[in-house]
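# A structural walkthrough
The primary structure of each chain is shown beneath.
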Amino acid sequence: MAAAGRQDTIFMQDSLKPEQVQKALRTGWLGRSYRYLAAVGSTNDMLKAEESGGRSSNDAGTVLLTDYQEQGRGRLARSWEAPPGSSLLFSILLRPGWPVERLTWLTMICGLAVSEAVEQQSGLKARLKWPNDCVLERENKWQKYGGILLEGTVSERGTVKYAIAGMGINVNIPAKELPQTSFPATSLLAANGRPLSRLDLFCTILSCFEAHYDRAAQGVSPHAAWQDRLIYMNERVVVSRLGQGVDVAGQVMGTDASGRLQIRDDDGAIRYIAAGDVSLRQYLEQ
Ligand code: ADP
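For the structure given in this document, a descriptive report is provided here. (Residues numbered from 1 in each chain as written. Predicted model: local features only at pLDDT ≥ 70, side-chain atom pairs only at ≥ 80, totals over all residues. Heavy atoms only, no water.)

## Some remarks on the side chain of serine 86
Mapped onto the fold, serine 86 is located in the loop between strand S2 (63–66) and strand S3 (88–94). According to the relative accessible area criterion, serine 86 is buried, its value standing at 0%. One polar contact links the side chain of serine 86 to the main-chain carbonyl oxygen of proline 83, over a distance of 2.6 Å. (Helix = DSSP H or I, 4+ residues; strand = E, 2+ residues; numbered from the N terminus. Buried < 20%, exposed > 50% of the residue type's maximum accessible area, 1.4 Å probe, protein only. Polar contact = N/O pair within 3.5 Å; in protein donor to acceptor, adjacent residues only side chain to side chain.)

Dropping the structure here:
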């Protein structure tokens with residue numbers, strides 16, 4: 001998708017440049033170091049490249065945001081598409097020093113922060129699809145308006161050295177410009193019928209994220225609040241590994257403390273599935 005030529009069709013009035021963001025931000029530490037780029041390959045990749053050099057001067061809580069990603073990614077290098085200026089596309093650098101078992105807390109915190117901010121700013125009811133999708137219900141169907149991509153590095157001591165939490169949120173993508181995806185895509189504009197201020201939504205996400213993160217840093221798990229927002233609870237689902245067909249079919253029993261999906265398979269056995277290379281969909285009778 002070409003960056004040029006699309007911009008005038010999109011709601012571009014709200015600027016996410018540093019002077020606007022720093023004025024509107026209500027956080028203590030998160031996003032106080034903030035960079036904006038009109039376009040970049042991928043915000044996660046850029047922060048990762050800076051960290052992997054070993055000489056990064058980025059503070060914990062650094063946020064990198066762009067109006068257009070040339071190589072936006074989901075998990076497993078699946079692409080993330082969004083017309084320029086339509087979305088919130090950003091990554092947060094964190095240095096939690098938490099035990100590696102708690103890395104998944106960061107995905108949970110992202111999901112909670114996005115959901116709470118969307119509810120505050122739009123009045124829509126925001127839910128989550130395990131493990132990392134932000135969804136809304138429209139006409140009795142779940143549709144995806146956002147995705148979370150968490151990447152982390154573990155130190156020799158088994159703690160999280162740094163983590164990069166990337167978020168892509170379809171804010172003002174007009175319905176006709178939504179990507180054609182196997183799990184139906186939507187945007188907050190398409191769902192609500194009116195554009196939202198990306199700036200207000202962004203600053204609210206950061207405030208919510210900071211509050212959850214600070215609690216997690218005190219040892220308070222975000223798991224229960226996160227699980228409350230998950231769709232497909234008690235329903236029959238299919239988990240598949242990319243390109244390898246159905247892996248497990250069964251009923252969702254819940255998730256464990258580290259966020260693994262707990263499924264009772266057709267033989268009655270309880271299976272635990274970690275996020276990674278699997279995707280989840282509703283079981284549909286053939
Ligand atoms: P999932 O968790 O749904 O399996 P990922 O988190 O890996 O998927 O996200 C990548 C997938 O999201 C892509 O394969 C594509 O189908 C879908 N996608 C790409 N761009 C968008 C978008 N703007 N809105 C909703 N879905 C998208």
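## Quick notes on the site of the ligand
Residues in contact with the ligand amount to 14 residues; listed here are only the nearest, Arg75, Glu81, Asp133, Lys144 and Asn170. At 2.7 Å from a nitrogen atom of the ligand is found a main-chain nitrogen or oxygen belonging to glutamate 81. Between a nitrogen atom of the ligand and a side-chain N or O atom of asparagine 170, the distance comes to 2.8 Å. Bound to the protein, the ligand loses 89% of the 570 Å² it would expose on its own. Looking at the shell around the ligand residue by residue, the classes come out as three nonpolar, six polar and five charged. (Near = heavy atom within 4 Å. Areas by Shrake-Rupley, 256 points an atom, 1.4 Å probe, with all protein chains shown as cover. Nonpolar A, V, L, I, M, F, W, Y, C, P; charged D, E, K, R; others polar.)

## Regarding the packing of aromatic side chains
A complete count under the given rule lists six aromatic pairs for this structure. On the numbers, 5.0 Å between centres and 75° between planes, the contact of phenylalanine 90 with phenylalanine 202 is edge-to-face. Here phenylalanine 90 is found in strand S3, whereas its partner phenylalanine 202 is found in helix H5 (residues 198–217), with 112 residues between them in sequence. The same class applies to phenylalanine 90 as to phenylalanine 202, namely buried. Taken together through their ring pairs, the aromatic side chains of Trp29, Trp98, Trp105, Phe209 and Tyr213 make up a single cluster. Across the ring face of phenylalanine 183, the terminal group of lysine 129 is positioned such that the distance to the ring centre comes to 4.8 Å. (Phe/Tyr/Trp six-rings, centres within 6.5 Å; stacked < 30°, edge-to-face > 60°. Lys NZ or Arg CZ within 6 Å of the ring centre and 35° of its normal.)

## Let's talk about the sheet that holds strand S7 (residues 160–169)
Spatial ordering of the open sheet is given by S1-S2-S3-S7-S6-S5-S4, a layout of seven strands whose pairing is mixed. Where the open sheet ends on each side, the last strands, each with one partner, are strand S1 (34–37) and strand S4 (127–129). Across this sheet, the average inter-strand angle for adjacent strands is 20°, counted without regard to direction. Where helix H3 (residues 103–122) meets the sheet, its contacts fall on S3, S4, strand S5 (133–138), strand S6 (141–154) and S7, and the angle it forms with S6 comes to roughly 145°. Contacts from H5 reach S1, S2, S3 and S7, with the element oriented near 25° to S3. (Pairing = 2+ DSSP bridges. Axes fitted to C-alpha atoms, helices over the stretch in contact; angles between N-to-C directions. Contact = heavy atoms within 4.5 Å.)

## Side note on the environment of serine 182
With respect to the secondary-structure elements, serine 182 resides in the loop between S7 and helix H4 (188–192). For serine 182, a relative accessible area of 84% puts it in the exposed group. In this structure, the C-alpha to C-alpha distance between serine 182 and lysine 161, residues 21 residues apart in sequence, is 35 Å.

## So, H5
Here H5 is 20 residues long and its end C-alpha atoms lie 28 Å apart, about the 28 Å a rise of 1.5 Å per residue gives. Counting buried positions along H5 yields 14 of 20 residues, so the element is predominantly enclosed. Its side-chain oxygen placed 3.3 Å from the backbone nitrogen of leucine 199, serine 197 serves as the N-cap of H5. Positive phi shows up at glycine 219, right after H5, with a value of about 100°. (Expected span 1.5 Å × (residues − 1).)

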